[in-house]
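Reading the structure
So the chains spell out like this:
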Amino acid sequence: MNALARLWAAGWTVRIALLVVVGVFVIAVTGPALAPYDPLGQDTARALQDPSLQHLFGTDYLGRDVLSRLLAGAPASLLSALAAALIGLVIGAVPGALSAFAPKIGEWLSLRVVDALLSLPFILFAIVFAALLGNGLIQATLAIGILIAPSFFRIARAATLRVRDSQYVEAATFLGGSAWWVLRRHVWRQVAPNLMVASVSALGGALLAVASLTFLGIGVQPPAPTWGGMLSSDLGYLSQRPLGPVAPALAIIITVGALNLLADAARDVLGADAVVARVRRKEAAHV
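Everything numeric here is computed off the predicted structure, so don't read it as measured data.

**Some remarks on the packing of helix 3 (residues 66–99) against helix 6 (residues 137–164)**
One way to put it is that helix 3 packs onto helix 6 with a least axis distance of 5 Å and a crossing angle of 40 degrees. With respect to each other, helix 3 and helix 6 are oriented oblique. Crossing hand, helix 3 versus helix 6: right-handed. A per-class count over the contact of helix 3 with helix 6 returns 19 nonpolar, eight polar and one charged.

Below you can see the structure in the form of structure tokens.
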């Protein structure tokens, strides 16, 4: 069975999480087209209405349809989280794997850079980054990707160190293979399962980070809808509409929860330990 089939067979909770994640990312691509109203259209006469058949999630303080804004805000929230995770994967995993073959001084320097990034306060770094390069979604996404990268670095490095001293890797090195060639030919297949699990887990963290920054007004500026921005604006009208923040909060919670559940299942099914266990079971079956 392929990876997706093994995940599907992991249990009904994982199936629900997988369907939720697929549905959410379909909405991220098609959300604006599915919006029943103009997400930027204002109608102050209908401001702060409760849920009804006409407005399933009610309206906000400017009379805008909440459901339409949730759908229209999905691309900015979800695709930027995906981009941040990919940025972290690229700038973290490749140097992390290469550091296992670097000279001692290069290894020491790379680890110190990673330690410095890990020590940075996340929100402060993102605010400074936005102040230096401009307050935009691209800048916020890049800042999140840089702060996610150290976790990929450590995972890739640890997985590479486990196979670096294998006989086939040593033989390839002695025969003149470069570190990049050895990684591409022999090591990546061992590292890939760990990085796959880390990527799913990083998506949840990146989505929370994007929501946190847009909640503070960093990234996408009003009136453009984002889940974090909607949550922030609704908190100012709790006395008139107490259930206002529920819709964007549930969107964030359900999506992050599904991603975390999927990451746990992927670790059990696709992680390095699971791969080793399957290989041993196959070997025992042939004995």
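**Brief notes about the side chain of Thr255**
Counting through the fold element by element, Thr255 comes out in helix 10 (residues 246–270). Not counting residues within four places of it along the chain, the set of residues in contact with Thr255 comprises Val24, Leu78, Leu207 and Trp227.

**Thoughts on the nonpolar core**
Leu70, Leu78, Ile144, Val187, Val191, Leu195 and Trp227 are the most contacted members of the largest nonpolar core, which has 60 residues in total. If you list the elements that add at least two residues to this core, you get helix 2 (12–34), helix 3, helix 5 (122–133), helix 6, helix 7 (167–174), helix 8 (179–215), helix 9 (227–234) and helix 10. Counting residues per element, this core draws most heavily on helix 8, which supplies 16 residues. Contacts of Val191, omitting those with residues within four sequence positions, involve Ala156, Ala159 and Thr160.

**Re a nonpolar patch on the surface**
There is a patch of nonpolar side chains on the surface, built from Leu124, Val128, Leu132, Leu133 and Leu142 and spanning about 470 Å² of accessible area. Take the nonpolar patch: its biggest share by element is four residues, from helix 5. For Leu142, a relative accessible area of 32% translates into the label partly exposed.

**Quick word on the environment of Val29**
Examined against the element boundaries, Val29 turns out to sit in helix 2. The exposure class assigned to Val29 is exposed, which follows from its relative accessible area of 63%. C-alpha of Val29 to C-alpha of Leu71: the two residues are 42 residues apart in sequence and 9.6 Å apart in space.

**Considering helix 4 (residues 104–118)**
Note: α-helices contain 3.6 residues per turn, so residues at a spacing of three or four share the same orientation. The first and last C-alpha atoms of helix 4 sit 21 Å apart over 15 residues, in line with the 21 Å expected at 1.5 Å per residue. For helix 4, the complete set of buried residues consists of Glu107, Ser110, Leu111 and Val114. Buried residues in helix 4, looked at end-on, bunch into an arc of 100 degrees, giving them a common side.

**Looking at the pattern of salt bridges**
Inspection of the entire model under this criterion finds six salt bridges. For Asp60, the salt bridge identified is with Arg64, shortest N-O distance 2.8 Å. Judged by its relative accessible area of 4%, Asp60 falls in the buried class. Close ionic contact of Glu107 with Arg157 constitutes a salt bridge, the shortest N to O distance being 2.2 Å. Of the two residues, Glu107 is situated in helix 4 and Arg157 in helix 6; the sequence distance between them amounts to 50 residues. With respect to class, Glu107 is no different from Arg157; both count as buried. The network of salt bridges with common partners includes Asp60, Arg64 and Arg69.

**Describing the packing of aromatic side chains**
This model, assessed by the stated rule, comprises one aromatic pair. One cation-aromatic arrangement involves Arg64 over Tyr61; the distance from NZ or CZ to the ring centre is 5.5 Å.

What counts and what doesn't
- Residues numbered from 1 in each chain as written.
- Predicted model: local features only at pLDDT ≥ 70, side-chain atom pairs only at ≥ 80, totals over all residues.
- Heavy atoms only, no water.
- Axes fitted to C-alpha atoms, helices over the stretch in contact; angles between N-to-C directions.
- Helix = DSSP H or I, 4+ residues; strand = E, 2+ residues; numbered from the N terminus.
- Parallel < 35°, antiparallel > 145°, perpendicular 65-115°, else oblique.
- Left-handed = near helix turned anticlockwise from the far one by under 90°.
- Nonpolar A, V, L, I, M, F, W, Y, C, P; charged D, E, K, R; others polar.
- Contact = heavy atoms within 4.5 Å.
- Core = buried A, V, L, I, M, F, W, Y, C linked by side-chain atoms within 4.5 Å.
- Buried < 20%, exposed > 50% of the residue type's maximum accessible area, 1.4 Å probe, protein only.
- Patch = residues over 30% accessible without salt bridge, like charges linked within 9 Å, V, L, I, M, F, W, Y side chains within 5 Å.
- Areas by Shrake-Rupley, 256 points an atom, 1.4 Å probe, with all protein chains shown as cover.
- Salt bridge = Lys/Arg side-chain N within 4 Å of Asp/Glu carboxyl O.
- Expected span 1.5 Å × (residues − 1).
- Arc of directions from axis to C-beta.
- Phe/Tyr/Trp six-rings, centres within 6.5 Å; stacked < 30°, edge-to-face > 60°.
- Lys NZ or Arg CZ within 6 Å of the ring centre and 35° of its normal.

Any link to function would need more than the numbers given here.
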